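The residues making up each chain are set out below.
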Number of protein chains: 2
Amino acid sequence: MFLSKLDSLNDALKLIDDNQKLTSIEEIPINQAHKRVLAEDIIAYHNSPPFDKSAMDGFALKGENTFGASQSMPKTLKIIDSIGAGDFSNKSVNDGEAIIIATGAPIPDGADAVLMKEFTTTDGDELTLYSQVTPGENVSPMAEDIEKGNTILLKNTFIRYQELGLIASAGYDTVKVYKKPKVKLIITGNELIEPTKDEIDKAKIINSNQFTIKAMVEDSGATVEIGHAGDTFDEVKNAILEASRDFDVIMTTGGTAISKGDVVLDVVDDLGDILFHGVSIRPGKPIGAGIVNDKIIFNFSGQPVAAMSQFDIFARRYLFKMQGRNFDFNIVKREALLKIPSQLGRTDFIRAFSDEKYARHILNRGSGIIRSMVDANSYIIIDENDEGYQKGDIINVVFFNSLLW
Amino acid sequence: MFLSKLDSLNDALKLIDDNQKLTSIEEIPINQAHKRVLAEDIIAYHNSPPFDKSAMDGFALKGENTFGASQSMPKTLKIIDSIGAGDFSNKSVNDGEAIIIATGAPIPDGADAVLMKEFTTTDGDELTLYSQVTPGENVSPMAEDIEKGNTILLKNTFIRYQELGLIASAGYDTVKVYKKPKVKLIITGNELIEPTKDEIDKAKIINSNQFTIKAMVEDSGATVEIGHAGDTFDEVKNAILEASRDFDVIMTTGGTAISKGDVVLDVVDDLGDILFHGVSIRPGKPIGAGIVNDKIIFNFSGQPVAAMSQFDIFARRYLFKMQGRNFDFNIVKREALLKIPSQLGRTDFIRAFSDEKYARHILNRGSGIIRSMVDANSYIIIDENDEGYQKGDIINVVFFNSLLW
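What counts, and where the lines are drawn
- Residues numbered from 1 in each chain as written.
- Chains lettered and ligands numbered in written order.
- Predicted model: local features only at pLDDT ≥ 70, side-chain atom pairs only at ≥ 80, totals over all residues.
- Buried ≥ 20, exposed ≤ 12 C-beta atoms within 10 Å, placed from the backbone.
- Helix = DSSP H or I, 4+ residues; strand = E, 2+ residues; numbered from the N terminus.
- Axes fitted to C-alpha atoms, helices over the stretch in contact; angles between N-to-C directions.
- Parallel < 35°, antiparallel > 145°, perpendicular 65-115°, else oblique.
- Left-handed = near helix turned anticlockwise from the far one by under 90°.
- Contact = placed C-beta atoms within 7 Å.
- Nonpolar A, V, L, I, M, F, W, Y, C, P; charged D, E, K, R; others polar.
- Least-squares fit on C-alpha atoms with pLDDT ≥ 70 in both.
- Pairing = 2+ DSSP bridges.
- Domains from an automatic or database assignment.
- Expected span 1.5 Å × (residues − 1).
- Bend = angle between axes of the 7 residues up to and from the residue.

**Focus on helix 3 (residues 209-218) of chain B**
Burial analysis of helix 3 of chain B places 9 of its 10 residues in the buried class, the great majority of the element. All of the buried residues along helix 3 of chain B are Asn 209, Gln 210, Phe 211, Thr 212, Ile 213, Lys 214, Ala 215, Met 216 and Val 217 of chain B.

See the structure below:
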């Protein structure tokens, strides 16, 4: 029996959300900030570019001095200076004059355009032009990317590589981000052994959850430490109690099935509060969640596929939100290639292989069959108010890739 | 001027592919194999499950002994033993008998089904059943997930969390994978300075490429070390030569623009061979690639957005393939929300914001405007044979997310 009535998915998610916490904030060097979440608004310390900048190697000049120049009607100007990248010129460009300029160098006073080198020839300080440019051409205007004093990124923005570039250009060498949640994953089950090529003792099973759940935690922006506990009440109690002191989130696998001795959930009940035990989903019904020592604990099934789905549905959301990042399933519409029944009142997460147009569910998909997750790239979600779908129906699909950090 | 004629995108990609290398292979512990690429076929050492396994806590029995049992017509059996997880029973279940069994435990001889605990009551060794089960019910048959001796994953498979679980279950505690490519990123440009909140000296510009390109390399499964070189021939030569000894791939930023002094490409020409310099793409035309000391070198533009696009088009592909992973743009079709012109003979990678239905290009998108990458989540790709598209046209889109490792 479950220790509470079977919750609907929405009720269970609400209980999780009601106990949502944020991690604290840390300031880290910008070169470590990739894939972290901003915990401050970014207000630009500088314009970018900080000056009108040449976008080409060539000659800074007045655009109107080039008007009419062509291969057959070249014009000439006088070269009065040269500016390399990182340098600038104190001279001003007047009518009839030009300054040699490198890509990235500041446009000198008086000039308003850059003519590319390949449209010119030089002879000493005489420049001959075979093409014209309009004022502004090949010039990147000051502040075209970032304006000093402006808020350019908001708190809670996920930092991709491009945000990293923008933050650096705005003058930040450190940045405030949400700390990575520290997760303790406790594996229970006396039958579990480490992977081995050798003959396996009768009744023993290789523990694969430690690898999959660890990887999933890391795919949610968090760090993870793995522990093991035997199936007795005291062993599980000690492991959970210790974890609740040093970690932000506790996860267990095993011992959540209906009608089990239910050591894991009994321990949660003993040490703290059970939020729910048993949710009307498939796969993954035997899932528990609770609060121990003010920390959330997720009790996943020992069945590998059930545990993965439970993680995707409940734990990812919590870990994302803990770091200031929103989490919603990115649901897309696909056409069903096969029919499938479902039960009213239960939400199904059916492993499927989907492409840009179709979704086809994996046929052999017991909650212990890891192969069914390997063959899949998505879930078909059947709402609790639906009794399944027919071939050709437009259905809801979530790609695994869209769940990743 | 470019040091070679302007290559078409396809010609340039072919030159890269012709020089594609694989990294060597290493054997690593399975708990480090997440997001690596298999360099061996995985052949199962074990069946999984290794025995007919109980999927529930309850009673192992002969299904036919339960036929007809219900709340109003209960049946009774005799309990002859108990099996916990990790244990097994030497006893055989005969007609009229049952054995207490935990989830994950082996089904004892003679039994063919498990009746869940909640449909029973017990009094000493007398078991009363209020429900029936069919033979096979609540039993996970031996080898339903993995069959011993079968090839369950092929070489070159990308290891997601679910593959990790399958590999572990098959008995592997270590796995052969392609080594991560070691990339040296050399930043050139005398005008570049580190991010700072302080006033910036005239003509200096904050170097953001080191952060974005480093993050992109890491998003391609590789490791990266950053170096800096001044804009002189000798400084760049020394940096590239040294990198070519210790790294698998060399990347530079800066000094690739048309008509530049072109130190970087001159160095490549001096030390090795230029594959191409200048490709008919936008943004990103000033891109070079070459071979130095038998290592590939990518010469990216100093313009931030051009460098990112060049990385996406040329370097990701190389880094993915180096690790045995295929790389093709995952092109999806979307409806254009705005019209945009393009030039015949040039392939455009237009930053865009796309959703499930539409693509809208970013309006302000000079090759130095990082904001245009921040506002985007995708490229619209316009083939060299197209002159652009009209509002409402169905166009080719690649999501940034689909490019990630």
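**Observations concerning the packing of helix 2 (residues 161-169) of chain A against helix 3 of chain B**
Running from amino to carboxyl end, helix 2 of chain A crosses helix 3 of chain B at an angle of 165°, the nearest separation of the two axes being 8 Å. In terms of orientation, helix 2 of chain A and helix 3 of chain B fall into the roughly antiparallel class. Every pair of crossing elements has a handedness; the one defined by helix 2 of chain A and helix 3 of chain B is right-handed. Taking contact as the criterion, the partners of Tyr 161, Gln 162, Leu 164, Gly 165 and Ala 168 of chain A in helix 2 of chain A are, on helix 3 of chain B, Phe 211, Thr 212, Ala 215 and Met 216 of chain B. Counted by class, the contact of helix 2 of chain A with helix 3 of chain B contains 6 nonpolar, 3 polar and no charged residues.

**Regarding the relation of the copies chain A and chain B**
After a rotation of 180° and a shift along the axis of 0.1 Å, chain A superposes on chain B with an RMSD of 0.1 Å. The transformation just described matches what one would write down for a two-fold rotation axis. Taking C-alpha positions as the reference, the residue of chain A nearest the rotation axis is Asn 401 of chain A, at 4.2 Å. Here 100% of the contact residues of chain A are again contact residues in chain B; the copies associate through an equivalent surface.

**A few points about the sheet that holds strand 5 (residues 75-83) of chain B**
Residues and elements named next belong to chain B. Taken together, 6 strands build an open sheet; the order of strands is 7-4-6-5-9-8 and the sheet is mixed. The two strands at the open ends of the sheet, each matched to only one other strand, are strand 7 (113-116) and strand 8 (120-123). Adjacent strand axes in the sheet meet at a mean angle of 40°, parallel and antiparallel pairs treated alike. By the bridge criterion, 3 bridges tie strand 4 (residues 58-61) to strand 6 (residues 97-101) in an arrangement that is antiparallel. Opposite Ala 60, over in strand 6, you have Ile 99 as the bridge partner.

**Some thoughts on the environment of Leu 363 of chain B**
Relative to the helices and strands, Leu 363 of chain B resides in the loop between strand 25 (358-361) and helix 7 (371-374). For Leu 363 of chain B, a count of 10 C-beta atoms within 10 Å gives the class exposed.

**What to know about the domain arrangement of chain A**
In terms of domains, chain A is made up of domain 1 (9-24 + 181-322), domain 2 (31-48 + 145-178), domain 3 (53-140) and domain 4 (332-403). If you average the C-alpha positions of domain 2 of chain A and of domain 3 of chain A, the two centres end up 35 Å apart.

**A look at unusual backbone geometry**
All names here are of chain A. Across the junction of Ser 48 and Pro 49, the peptide omega takes the value -10°, indicating a cis bond. Within the secondary structure layout, Pro 49 lies in the loop between strand 2 (42-43) and strand 3 (53-54). Following Arg 282, the chain continues to Pro 283 via a peptide bond in cis, the omega torsion being -5°. By the element assignment, Pro 283 lies in the loop between strand 19 (281-282) and strand 20 (288-292). The backbone of Asp 294 sits at a positive phi, close to 70°, despite the residue not being glycine. Within the secondary structure layout, Asp 294 lies in the loop between strand 20 and strand 21 (295-300). Here Asp 294 falls in the exposed class, since 9 other C-beta atoms lie within 10 Å of it.

**Topic: the sheet that holds strand 17 (residues 249-253) of chain A**
Residue and element names in this part refer to chain A. Strand order in the open sheet formed by 6 strands is 16-13-17-21-20-18, and the pairing between neighbours is mixed. At either end of the open sheet lies a strand with only one pairing partner, and these are strand 16 (223-229) and strand 18 (273-277). Averaged over neighbouring strand pairs, the angle between their axes works out to 20° when direction is ignored. Pairing of strand 20 with strand 21, which is carried by 5 bridges, proceeds in the antiparallel orientation. When the sheet's bridge partners are listed, Gly 290 is paired in strand 21 with Ile 297. Lying over the sheet, helix 4 (residues 233-246) contacts strand 13 (182-188), strand 16, strand 17, strand 20 and strand 21, oriented at roughly 175° with respect to strand 13. The strands touched by helix 5 (residues 263-271) are strand 13, strand 17, strand 18, strand 20 and strand 21; relative to strand 20, the strand with the most contacts, the crossing angle is about 30°.

**Some remarks on helix 6 (residues 304-322) of chain A**
All names here are of chain A. For helix 6, built from 19 residues, the straight-helix expectation of 27 Å at 1.5 Å per residue is met to within 8% by its first-to-last C-alpha distance of 25 Å. Within helix 6, the axis deviates most sharply at Asp 312, by approximately 40°. Most of helix 6 is tucked away, with 17 of its 19 residues classed as buried. Where helix 6 ends, the next residue or the one after it, Gly 324, has phi of about 80°, a positive value.

**Considerations on the pairing of strand 5 (residues 75-83) of chain A**
All names here are of chain A. Here strand 5 pairs with strand 9 (residues 126-129) via 4 bridges, running antiparallel. Counted as the bridge partner of Thr 76 is Thr 128 from strand 9. Pairing analysis gives 5 bridges linking strand 5 to strand 6 (residues 97-101), with the strands arranged parallel. Directly across from Ile 83, in strand 6, lies its bridge partner Ile 101.

**Brief notes about the pairing of strand 4 (residues 58-61) of chain A**
Note: strand 4 of chain A against strand 7 (residues 113-116) of chain A, 4 bridges, orientation antiparallel. Counted as the bridge partner of Gly 58 of chain A is Met 116 of chain A from strand 7 of chain A.

**Observations concerning the interface of chain A and chain B**
Of the residues lining the interface, 76 residues belong to chain A; the matching set on chain B comes to 76 residues. Looking at the side of chain A that touches chain B, the elements with two or more residues in it are helix 2, strand 15 (205-206), helix 3 (209-218), helix 6 and helix 7 (371-374) of chain A. Considering each element in turn, the side of chain A that touches chain B owes the most residues, 8 residues, to helix 2 of chain A. When the residues that make up the side of chain A that touches chain B are grouped by side-chain class, the tally is 33 nonpolar, 23 polar and 20 charged.

**Description of the environment of Pro 108 of chain A**
Its location among the elements puts Pro 108 of chain A in the loop between strand 6 and strand 7. Judged by the 23 C-beta atoms lying within 10 Å of it, Pro 108 of chain A falls in the buried class.

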